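# Chain and residue survey
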Amino acid sequence: MTATMRTQPPPAAARTRGTTARDVWIVFQRQGRLVLRRPALILFGMLQPVLYLALFSPLLEGLGGPTGEGSWRWFVPGLLVMLALFASGFAGFGLLPELASGAHERLLVSPVSRVALLLGRVLADAAMMFTQMLLILALVVAFGLRIPPLGAVVGLALLVVLGVGLSTLSYLVALAVRQTYVFAPIVQGALMPLMLLSGVLLPMDLAPGWLYALSRLNPVSYVVDAERALFAGEWGPAVGVGWAVALGLAVVALAVGGRAVRGSAR
Amino acid sequence: MIHTRELTRTFRVGKRTVEAVRGVDIDVGEGEFVALLGPNGAGKSTTLRMLTTLLEPTSGTASVAGHDVRAEPTEVRRRIGFVGQGHGAGDDQRVRDELHTQGLLYGLDRRTARSRTGELLDLLELDEAADRVVTALSGGQRRRLDIAMGLIHRPGLLFLDEPSTGLDPQSRANLWEHVARLRGEFGTTVVVTTHYLEEADGAAERVLVIDHGRVIADGSADELKSRVSGDLVVFTTEDGAAADLGAKVAEALPSAGTAEVVAEPGRDPRVRIRVEHGDAALPGLLRSLDGAGVAPLSVAVSRPTLDDVFLTLTGRSLREGER
Ligand SMILES: Nc1ncnc2c1ncn2[C@@H]1O[C@H](COP(=O)(O)OP(=O)(O)OP(=O)(O)O)[C@@H](O)[C@H]1O
Ligand SMILES: [Mg+2]
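For the structure given in this document, a descriptive report is provided here. These figures come from a predicted structure and were not determined experimentally.

## Notes on the sheet that holds strand S12 (residues 231-236) of chain B
All names here are of chain B. Ordered by their spatial adjacency, 4 strands build an open sheet running S13-S14-S12-S15, and the pairing between neighbours is antiparallel. The two strands at the open ends of the sheet, each matched to only one other strand, are strand S13 (260-262) and strand S15 (298-302). On average, adjacent strands in this sheet sit at an angle of 20° to one another, irrespective of strand direction. Of the strand pairs in this sheet, S12 and S15 are connected by 5 bridges, and their pairing is antiparallel. In the sheet register, threonine 236 faces S15, and the bridge partner there is serine 298. Across the sheet, helix H10 (residues 278-291) is in contact with S12, strand S14 (270-275) and S15; its angle to S12 comes to roughly 30°.

In structure tokens, the structure reads:
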């Protein structure tokens, strides 16, 4: 461009320079308000794991061994991973109507940081998921399960990291396909094998060789192993591996996701 | 405020390439009020979306509010307001929250955002709906919220993509009144797309006529209309023979163009002809028709409209099903 126009300075009204952190907080609040106005949403999301706890976990006792004897100690960590999988996997659903209506576009025209548009949402989802996990932990503790406090804290943090990665991926799918009828089968189709191959329901040691090998290709398996170790108070290598996998997933997803939001007007 | 050179955008749809905007040069100065007028699919929204950093141009350059849209999109975004063709508010959000958030996103502090929210709710008559969720609004209320969101940071340059769609005449008048006030108070530059000929005619100072991705005319509404030669005179007759004779008589008038006879089943035949100063030519026309034994059933004279401009330029009408 040759001639640079002199533009009027932004009108005299008070203006604070936006920082990315401030933008993340604004987007976080915009999403958070939806949940605060309808707290029952939190309970709905917990229904599936609670049903598994009540109606499925008693079956495990019949298995005997470490799985059967301490059935909840074994099952609850996996259950939390399952909650993270489904809560985060479907996160992109919330973006679909905004992509269709023009709300996302309106946000893109504003000077808000592109990464904040994604991160604000992802963190709001993570906060909701974290609340659900706390409630479930409170429930199982009330029923007598003993969990080492430090293991629980590090375990929940690990799940938040996993949730951030997965919900970012879910938003990526939403941005790519835009239509509910395409989004839903893709996400469902991805989550089912991720869950079945992670050993959250039954120990993968029971699996035939080929199935066990497949489960080792599933990153979620390593997070499940780490959670089980943490809830048992064992600080072995499984914990480190689980963290490395979850962190790696989150970092890669956010890097790709930030880029996708930047080019998401159509 | 806006300078584009050879601005182009194509879309790939399957194997086909759609040329939505084909090499557009637009220059808009500070404080101007410009309307983009054109039929569906002309490329109005695509042009606006490139100017507002939503779409990358395929080729060409655009500088908006002093910054290149490609090189410095954030600087452009800070200085403009945009009301898109769709709805900008989140479905489950409350009206007041959404407006307030929009203010914060543009860097307003909380106090300013709150007071502007109040002002705009009042101005666009959304007070009563302020604590409702967006899905509980009527179409027109929703549109007014979109407009409020575009205004909250008092941009120096405002883009509106068919802002009045879905508004009743009262709200439409209010909208233009408010835009006029903004321009008076802050010297805001306004670019608006519209199908409503009256809006392009009445509100805007300058009209860019767009068709098939090109700017085909640029000027004030009066300038554009003066390119259409003469006023339109239309009269109806009893039967086709009278119409044909009437057409010949009318063509003999000084400064008259070619007459056109329109015969449609179930309607009286019509003769259409363009004549300079149609009002002054009318008594002469009536005398000549009388002399030739043609008795017109009705006579109408109309000044050229922007639709006539479009018709002259393209051979098509902007008004549906009319010709
Ligand atoms: N995302 C897209 N993908 C493919 N084609 C597109 C896309 N957006 C616009 N087009 C095409 O580009 C052309 C111009 O569209 P545009 O939306 O700019 O028209 P418009 O002048 O705003 O029309 P309207 O008055 O209907 O809003 C149309 O042929 C349209 O189908
Ligand atoms: Mg359009």
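## Side note on the packing of aromatic side chains
Residue and element names in this part refer to chain A. Taken as a whole, this structure holds 7 aromatic pairs over all chains when the rule is applied. Judged by centre distance (6.2 Å) and plane angle (70°), the rings of tryptophan 72 and phenylalanine 143 are edge-to-face. Linking tryptophan 72 in helix H4 (residues 71-89) with phenylalanine 143 in the loop between helix H7 (114-142) and helix H8 (149-177), this pair joins segments that are 71 residues apart in sequence. Judged by relative accessible area, phenylalanine 143 falls into the exposed class, the value being 64%. Pairwise contacts between aromatic rings join Tyr52, Phe56 and Phe75 into one cluster. Taking the ring centre of tyrosine 222 as reference, the NZ or CZ of arginine 216 above it sits at 4.8 Å. One Lys or Arg, arginine 228, reaches over the ring of tryptophan 74 and ends 3.8 Å from the middle of that ring.

## Structural notes on the sheet that holds strand S4 (residues 33-37) of chain B
All names here are of chain B. One open sheet holds the 6 strands; their spatial order is S7-S8-S9-S4-S10-S11, and the pairing between them is mixed. Each having just a single partner strand, strand S7 (80-83) and strand S11 (214-219) make up the two edges of the open sheet. Direction aside, neighbouring strands of the sheet carry axes that sit 15° apart on average. Strand direction decides the pairing type here: strand S10 (residues 206-211) and S11, joined by 5 bridges, are antiparallel.

## Structural notes on the interface of chain A and chain B
Contacts between the two partners involve 38 residues from chain A and, on the opposite side, 48 residues from chain B. When chain A packs against chain B, the two sides together hide about 3900 Å² of surface, and 52% of this comes from carbon and sulfur. The interface formed by chain A and chain B contains 4 salt bridges. In this structure, arginine 33 of chain A engages aspartate 97 of chain B in a salt bridge whose closest nitrogen and oxygen atoms are separated by 3.4 Å. Viewed at the interface, chain B and chain A are joined by 15 residue pairs in polar contact (both at pLDDT 80 or more). For the side of chain A that touches chain B, the secondary-structure elements that each account for two or more residues are helix H1 (20-37), helix H5 (96-101) and helix H6 (103-109) of chain A. Counting residues per element, the side of chain A that touches chain B draws most heavily on H1 of chain A, which supplies 9 residues. Its residues assigned to classes, the side of chain A that touches chain B shows 16 nonpolar, 9 polar and 13 charged.

## Let's talk about unusual backbone geometry
Its identity as a non-glycine residue notwithstanding, arginine 178 of chain A has a phi of 70°, on the positive side. Examined against the element boundaries, arginine 178 of chain A turns out to sit in the loop between H8 and helix H9 (180-196). Although it is not a glycine, glutamate 125 of chain B adopts a positive phi angle of roughly 55°. Within the secondary structure, glutamate 125 of chain B is located in the loop between helix H4 (110-123) and helix H5 (139-151). Exposure remark for glutamate 125 of chain B: the relative accessible area of 46% places this residue in the partly exposed category.

## Focus on helix H12 (residues 237-262) of chain A
All names here are of chain A. Taking 1.5 Å per residue, 26 residues should reach 38 Å; H12 reaches 38 Å between its end C-alpha atoms and fits that length. When we look at burial in H12, the residues that qualify are Val239, Gly242, Ala246, Ala250, Ala253, Gly257, Gly258 and Val261. Buried positions along H12 lie against H6, H7, H8 and helix H11 (219-231).

## Notes on the pairing of S14 of chain B
All names here are of chain B. Here S14 lies mainly inside the structure; 6 of its 6 residues are buried. Neither face of S14 is exposed, since Arg270, Arg272 and Arg274 on one face and Val271, Ile273 and Val275 on the opposite face are all buried. Direction of pairing for S12 relative to S14: antiparallel, over a ladder of 6 bridges. When the sheet's bridge partners are listed, phenylalanine 235 is paired in S14 with valine 271.

## What to know about the site of ligand 1
Residue and element names in this part refer to chain B. The local shell around ligand 1 holds 15 residues, among which Asn40, Gly41, Lys44, Ser45 and Thr46 are the closest. Here an oxygen atom of ligand 1 and a backbone polar atom of alanine 42 are 3.1 Å apart. When ligand 1 sits alone it has 630 Å² of accessible area, and the protein chains cover 68% of it. Elements with a contribution of two residues or more to the shell around ligand 1: strand S1 (2-13), strand S2 (16-24) and helix H1 (44-51). In terms of residue count, the dominant contributor to the shell around ligand 1 is H1 (3 residues). Among the residues forming the shell around ligand 1, the class breakdown is 6 nonpolar, 7 polar and 2 charged.

## Brief notes about the pattern of salt bridges
Residue and element names in this part refer to chain B. Under the definition given, this model contains 26 salt bridges over all chains. A salt bridge links aspartate 201 to lysine 225; the shortest N-O distance between them is 3.1 Å. Here lysine 225 lies in helix H8 (residues 221-226) and aspartate 201 lies in helix H7 (residues 197-202), a separation of 24 residues in the sequence. Residue classification places aspartate 201 among the partly exposed positions, given a relative accessible area of 28%. Lysine 225 gets classed as buried once you look at its relative accessible area, which sits at 15%. Across the pair arginine 274 and aspartate 308 runs a salt bridge whose closest N-O atoms are separated by 3.2 Å. With a gap of 34 residues between them, arginine 274 in strand S14 and aspartate 308 in helix H11 (residues 306-314) connect regions that are remote in the sequence.

Cut-offs and rules
Residues numbered from 1 in each chain as written. Chains lettered and ligands numbered in written order. Predicted model: local features only at pLDDT ≥ 70, side-chain atom pairs only at ≥ 80, totals over all residues. Heavy atoms only, no water. Pairing = 2+ DSSP bridges. Helix = DSSP H or I, 4+ residues; strand = E, 2+ residues; numbered from the N terminus. Axes fitted to C-alpha atoms, helices over the stretch in contact; angles between N-to-C directions. Contact = heavy atoms within 4.5 Å. Phe/Tyr/Trp six-rings, centres within 6.5 Å; stacked < 30°, edge-to-face > 60°. Buried < 20%, exposed > 50% of the residue type's maximum accessible area, 1.4 Å probe, protein only. Lys NZ or Arg CZ within 6 Å of the ring centre and 35° of its normal. Buried area = accessible area lost by both parts, 1.4 Å probe. Salt bridge = Lys/Arg side-chain N within 4 Å of Asp/Glu carboxyl O. Polar contact = N/O pair within 3.5 Å; in protein donor to acceptor, adjacent residues only side chain to side chain. Nonpolar A, V, L, I, M, F, W, Y, C, P; charged D, E, K, R; others polar. Expected span 1.5 Å × (residues − 1). Near = heavy atom within 4 Å. Areas by Shrake-Rupley, 256 points an atom, 1.4 Å probe, with all protein chains shown as cover.

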